[in-house]
Amino acid sequence: QVQLVESGGGLVQAGGSLRLSCAASGRTFSSYSMGWFRQAPGKEREFVAAISWSGGITDYADSVKGRFTISRDNAKNTVYLQMNSLKPEDTAIYYCAAGQRGWSRYSYEYDYWGQGTQVTVSS
């Protein structure tokens, strides 16, 4: 069992930056691939970024590539999402997820989810 708790969301102006954190419980964090997803009002949850268990492989949605960076610190059981050059269309609830099937863009590949953190980007 893995419990995930996101933090770091908030209100920021367009062009600004935020860093989201996702702290995981359990001693097997390093065996999980991790992903970030987001859901805007009235829209389906969408993939943002993913990272392999070792951190050696990362993947990004085209909409955030070059602006967002996913990373992890297995010693701290934490995964991060650095978000730069934020746009109003990045406004959403951001969720982190953990899975043992390897990094993936698909939400069904993940076994555990956090409760989400709100990110609001004003224009």
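Right, let's walk through the structure included here.

## Observations concerning the overall build of the protein chain
Scanning the protein chain from N- to C-terminus turns up zero helices and eleven strands. Counting helices and strands in the order they occur from the N terminus, the protein chain gives β-β-β-β-β-β-β-β-β-β-β. The C-alpha radius of gyration computed for the protein chain amounts to 13 Å, which stays within 12% of the reference 14 Å derived for 123 residues, consistent with globular compactness. Viewed in the frame of its principal axes, the protein chain has a C-alpha envelope of about 40 × 25 × 25 Å.

## Side note on the side chain of Asp90
As for its position among the elements, Asp90 is in the loop between strand 8 (78-83) and strand 9 (92-99). Looking at Asp90, its side chain comes within polar contact range of the main-chain nitrogen of Lys87, at 2.8 Å. Apart from residues lying up to four places away in sequence, Asp90 is in contact with Arg38, Arg67, Phe68, Ser85, Val119 and Val121.

## Considering the packing of aromatic side chains
Here the structure, examined in full by the defined rule, presents six aromatic pairs. Both rings, one in Tyr32 and one in Tyr112, keep their centres 6.0 Å apart while their planes meet at 70 degrees; by these two values the pair is edge-to-face. Of this pair, Tyr32 sits in the loop between strand 3 (18-24) and strand 4 (33-39) while Tyr112 sits in strand 10 (residues 112-113); the two residues are 80 residues apart in sequence, bridging distant segments of the chain. According to the relative accessible area criterion, Tyr32 is buried, its value standing at 5%. When the ring of Phe37 is compared with that of Trp113, the centres are 5.1 Å apart and the planes differ by 55 degrees; the resulting orientation is tilted. Separated by 76 residues along the polypeptide, Phe37 in strand 4 and Trp113 in strand 10 bring together distant segments of the chain. Look at Phe37 and you get buried, because its relative accessible area is 1%. Exposure remark for Trp113: the relative accessible area of 27% places this residue in the partly exposed category. Taken together, the aromatic side chains of Phe37, Phe47, Tyr110 and Trp113 make up a single cluster linked through ring pairs. The side chain of Arg45 reaches across the aromatic face of Tyr95, ending 4.0 Å from its centre.

## Here we look at the environment of Asp73
Following the sequence through the fold, Asp73 ends up in strand 7 (residues 68-73). Classification of Asp73 by relative accessible area gives partly exposed; the value is 24%. The residues contacting Asp73, other than those within four sequence positions of it, are Phe29, Thr78 and Tyr80.

## Notes on the pattern of salt bridges
Inspection of the entire model under this criterion finds six salt bridges. Put simply, Arg105 and Asp59 hold a salt bridge, and the shortest N to O gap is 2.6 Å. Taken as a pair, Arg105 in the loop between strand 9 and strand 10 and Asp59 in strand 6 (residues 58-60) lie far apart in primary sequence, 46 residues in all. Arg105 gets classed as partly exposed once you look at its relative accessible area, which sits at 36%.

## A few points about the state of the cysteines
In the structure shown here, the tally under the stated rule is one disulfide. Cys22 shares a disulfide with Cys96; S-S distance 1.9 Å. The chirality of the disulfide connecting Cys22 with Cys96 is right-handed, given an S-S dihedral of about 45 degrees. Taken together, the residues Cys22 in strand 3 and Cys96 in strand 9 connect sequence positions 74 residues apart. Using a relative accessible area of 0% as the deciding quantity, one classes Cys22 as buried. Judged by relative accessible area, which is 0%, Cys96 ranks as buried.

Reading the values: rules and limits
- Residues numbered from 1 in each chain as written.
- Predicted model: local features only at pLDDT ≥ 70, side-chain atom pairs only at ≥ 80, totals over all residues.
- Heavy atoms only, no water.
- Helix = DSSP H or I, 4+ residues; strand = E, 2+ residues; numbered from the N terminus.
- Rg over C-alpha atoms; globule rule 2.2 N^0.38 Å.
- Polar contact = N/O pair within 3.5 Å; in protein donor to acceptor, adjacent residues only side chain to side chain.
- Contact = heavy atoms within 4.5 Å.
- Phe/Tyr/Trp six-rings, centres within 6.5 Å; stacked < 30°, edge-to-face > 60°.
- Buried < 20%, exposed > 50% of the residue type's maximum accessible area, 1.4 Å probe, protein only.
- Lys NZ or Arg CZ within 6 Å of the ring centre and 35° of its normal.
- Salt bridge = Lys/Arg side-chain N within 4 Å of Asp/Glu carboxyl O.
- Disulfide = S-S within 2.5 Å.

Everything listed here is a matter of coordinates, which is why it stays silent on function.
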